[in-house]
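Survey of secondary and tertiary structure
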Amino acid sequence: MSVQKLAEYKTTHSSAYWFMYKQPNCPPIIYSVIYHPPGLTKGVKEETINHIVSTVSKLSQSHPTAKLVIGGDFNDLDTVQITSLLPLQQIVNFPTRGDAKLDLLFTDIDEYITVGCIRLPPIHTNDHCAIEMLSASFLQRATKVQNHRQTRNNAINQSSSD
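Below, the structure is looked at part by part. All values derive from a computational prediction rather than experimental measurement.

1. Structural notes on the side chain of histidine 51
- Mapped onto the fold, histidine 51 is located in helix α1 (residues 42–62).
- Setting aside residues no more than four positions away along its own chain, histidine 51 makes contact with Tyr9, Ala16 and Trp18.

This is the structure:
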């Protein structure tokens, strides 16, 4: 398993970090963490979108087998362009701060698109919830554990009533 820093993007307003995660017998995954503060001008918002689109395009060319996961606090950035210009889907379908959906996850990994993600409580003093991406293999393990517990509990209940 290895993690390699690929790129860093910082302006006085926004920031993005790009990493590649590799493990044996799996395609590499490019992860990005983005922070885009609220209330910025249209030009700064376009600059952030252009950075995301151009970086994904460059990294996809240099790492054609890599999958993508882009997450972060996008605030009032219009992210429709991300999904219209790139082969990504946004998978967060719940509010992440109060009633607003500010924290988003974009991916091209079919398993994550199909299974989705869940909302977790905020970490420490943060006012945004945490988000966990789920995979089909995680759900299969969770179902097996639940079924095993139910079977074991039924067997215990059955033997105690005999």
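2. Some words on the nonpolar core
- With 21 residues, the main nonpolar core has Trp18, Ile70, Phe74 and Ile82 as its most contacted residues.
- Among the elements of the structure, β2 (15–22), β3 (29–35), α1, β4 (67–73) and β6 (103–107) are those that each provide at least two residues to this core.
- If you tally residues by element for this core, the top one is α1, at five residues.

3. Remarks on the packing of aromatic side chains
- This model, assessed by the stated rule, comprises two aromatic pairs.
- Ring geometry for tyrosine 21 against tyrosine 31: centres 6.5 Å apart, planes inclined by 70°, an arrangement best described as edge-to-face. Taken as a pair, tyrosine 21 in strand β2 and tyrosine 31 in strand β3 lie far apart in primary sequence, 10 residues in all.
- Taking the relative accessible area as the measure of exposure, tyrosine 31 reaches 30% and is therefore partly exposed.
- Aromatic pair phenylalanine 74 and phenylalanine 106: ring centres 5.4 Å apart, planes at 80°, arrangement edge-to-face. On the criterion of sequence distance, the pair formed by phenylalanine 74 in the loop between β4 and α2 (80–85) and phenylalanine 106 in strand β6 is long-range, its members being 32 residues apart.
- Using a relative accessible area of 1% as the deciding quantity, one classes phenylalanine 106 as buried.

About the thresholds
Residues numbered from 1 in each chain as written. Predicted model: local features only at pLDDT ≥ 70, side-chain atom pairs only at ≥ 80, totals over all residues. Heavy atoms only, no water. Helix = DSSP H or I, 4+ residues; strand = E, 2+ residues; numbered from the N terminus. Contact = heavy atoms within 4.5 Å. Core = buried A, V, L, I, M, F, W, Y, C linked by side-chain atoms within 4.5 Å. Buried < 20%, exposed > 50% of the residue type's maximum accessible area, 1.4 Å probe, protein only. Phe/Tyr/Trp six-rings, centres within 6.5 Å; stacked < 30°, edge-to-face > 60°.

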